[in-house]
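# Architecture and fold: a report
Spelled out from the first residue to the last, the chains are:
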Amino acid sequence: MTLLFPGYSLYAVISPLRQAFNARFRPQDYHNLLRNLDVCARTSARFRVAETPVFFPENLLNEMADIGAGLTRSLLANERYLKASAKAIPEALRAPDETPHPHFMTADFGLVRSSNGSLRPMLVEMQAFPSLFAFQFVLAENYRAVYNLDSGLGSGLRFFLGGHTEATFWKKLERTICRGHHPENVVLLEIDPQ
């Protein structure tokens, strides 16, 4: 989970917030985080969950979001890529009624230090798993609750970009997934290729 703190430079954000978080960290909190996630998700995560959130300035996250959106648009405009990509998926694993534009896309970045000492994003991978979007919200809220982030690190911490709030995020997610159908009549199913 990434928490952003608007109005701070990259170096100002990482140092004071990281130091304050580290001073308060207790291993038991991490165990509580994992337990809470299991309860919220009603299953046990089969992947490693980071012990701590990371703190980035909003401008860096906006830059990564813009890069990810640009890469997605480039791929969708590349007919040769789309044909090769479609051929790479075995027939048995193709989803019915696939739309020409993905509803969900995540670009994962690593940060590298440039020659002037600043950090810049480098693409690691792109993926499109709808359940990831709901899980990220649950993870962020559990980081906030378990580590009591708002009281010790400042109330300016948040994790939505693009002017979204919790209400607008859930409204958009429901509209995208349910497409006007009642939620009890919708199944979000991800295919798990071997």
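Residues numbered from 1 in each chain as written. Predicted model: local features only at pLDDT ≥ 70, side-chain atom pairs only at ≥ 80, totals over all residues. Heavy atoms only, no water.

### Topic: the environment of Thr 106
Definition in use: Here a strand is any run of E in DSSP of at least two residues, a helix any run of H or I of at least four, and the numbering for each starts at the N terminus. Contacts are assigned to residue pairs that have any heavy atoms within 4.5 Å of one another.
Its location among the elements puts Thr 106 in strand β3 (residues 106-113). When the C-alpha positions of Thr 106 and Glu 125 are compared, they lie 8.3 Å apart, and in sequence the two are 19 residues distant. Excluding residues that lie within four positions of it along the chain, Thr 106 makes contacts with Glu 125, Met 126, Gln 127, Leu 132 and Phe 133.

### Points about the packing of aromatic side chains
Here the distance between the centres and the angle between the planes together describe a pair of aromatic rings. Note the cut-off: Pairing of aromatic rings covers Phe, Tyr and the six-membered ring of Trp, with a centre-to-centre limit of 6.5 Å; geometry is then stacked below 30 degrees between planes, edge-to-face above 60, and tilted otherwise. Think of it in three bands: residues with accessible area under 20% of the maximum for their type are buried, residues over 50% are exposed, and the middle band is partly exposed, with areas taken using a 1.4 Å probe on protein chains only.
All told, the structure shown has 14 aromatic pairs when counted by the stated rule. Between Phe 137 and Phe 169, the ring centres sit 6.0 Å apart and the planes meet at 20°, which makes this aromatic pair stacked. In this pair, Phe 137 is assigned in helix α5 (residues 130-146) and Phe 169 in helix α7 (residues 166-178), connecting sequence segments 32 residues apart. Here Phe 137 falls in the buried class, since its relative accessible area comes to 9%.

### Some thoughts on the packing of α5 against α7
Geometry of a packed helix pair, given as the angle between the helix axes and the separation of the axes. Here is the rule: Only C-alpha atoms enter the line fits that serve as axes; for helices the fit covers just the stretch in contact. Angles between N-to-C directions range over 0 to 180 degrees. Angular relationships are summarised with four words: roughly parallel below 35 degrees, roughly antiparallel beyond 145, roughly perpendicular across 65 to 115, and oblique for the angles in between. Left-handed describes a crossing whose near helix is turned anticlockwise from the far helix through less than a right angle; right-handed describes the clockwise counterpart. Charged residues are taken to be Asp, Glu, Lys and Arg, nonpolar residues to be Ala, Val, Leu, Ile, Met, Phe, Trp, Tyr, Cys and Pro, and polar residues to be all remaining types, Gly included.
Two elements in contact, α5 and α7, have axes separated by 11 Å at closest approach and are oriented at 160°. Between α5 and α7, the crossing angle belongs to the class labelled roughly antiparallel. Taken as a pair, α5 and α7 cross one another with a handedness that is left-handed. Judged by residue contacts, Phe 133, Ala 134 and Phe 137 of α5 engage Glu 166, Phe 169, Trp 170 and Leu 173 from α7. Residues that form the contact of α5 with α7 fall into these classes: six nonpolar, no polar and one charged.

### Focus: the pattern of salt bridges
Put simply, the rule reads: For this analysis, a salt bridge means a side-chain nitrogen from Lys or Arg found within 4 Å of a carboxyl oxygen belonging to Asp or Glu.
The full count for this structure, using the stated rule, is three salt bridges. When the shortest N-O distance is used, the salt bridge between Asp 29 and Arg 26 registers 2.6 Å. Residue Arg 158 is joined to Glu 58 by a salt bridge in which the shortest nitrogen-to-oxygen separation is 2.6 Å. Of the two residues, Arg 158 sits in the loop between α6 (149-153) and α7 while Glu 58 sits in helix α3 (residues 58-76), which places them 100 residues apart along the sequence. Under the relative-accessibility criterion, Arg 158 is labelled partly exposed at 28%.

### Details of the confidence of the model for the chain
Selection criterion: For every residue, the pLDDT score states the predictor's confidence, bounded by 0 at the bottom and 100 at the top.
Residue-level pLDDT values for the chain average 83, and 88% of them are 70 or greater. Model confidence for the chain, summarised as mean pLDDT per element, is weakest for strand β1 (residues 2-4) at 46 and strongest for helix α2 (residues 27-41) at 94. Across residues 1-13, confidence stays below pLDDT 50; counting only partners more than four residues off in sequence or on other chains, it has 56 contacts.

### Examining the environment of Asn 142
As for its placement among the helices and strands, Asn 142 is situated in helix α5. Along the chain, Asn 142 and Leu 37 lie 105 residues apart, while their C-alpha atoms are 7.2 Å from each other. Contacts of Asn 142, omitting those with residues within four sequence positions, involve Leu 33, Asn 36, Leu 37, Cys 40 and Tyr 147.

### Thoughts on the layout of surface pockets
Note the following rule: Grid points spaced at 1 Å over the protein atoms alone were grouped into cavities, where a 1.4 Å probe fits but cannot get out, and pockets, open sets with protein on both sides within 12 Å along at least five of seven lines, with lining residues defined by an atom within 4 Å of a point. Grid points are joined across faces, edges and corners, and a volume is the space filled by probe spheres set on the points.
For the second largest pocket, the calculated volume is near 1,900 Å³. For the second largest pocket, the lining is made up of 42 residues, of which Ala 95, Glu 98, Pro 102, Ala 128 and Pro 130 are closest to its centre. Residue assignment for the lining of the second largest pocket shows that the elements contributing at least two residues are α3, α4 (79-88), β4 (119-127) and α7. Take the lining of the second largest pocket: its biggest share by element is five residues, from α4. Residue composition of the lining of the second largest pocket, by class: 27 nonpolar, nine polar and six charged.

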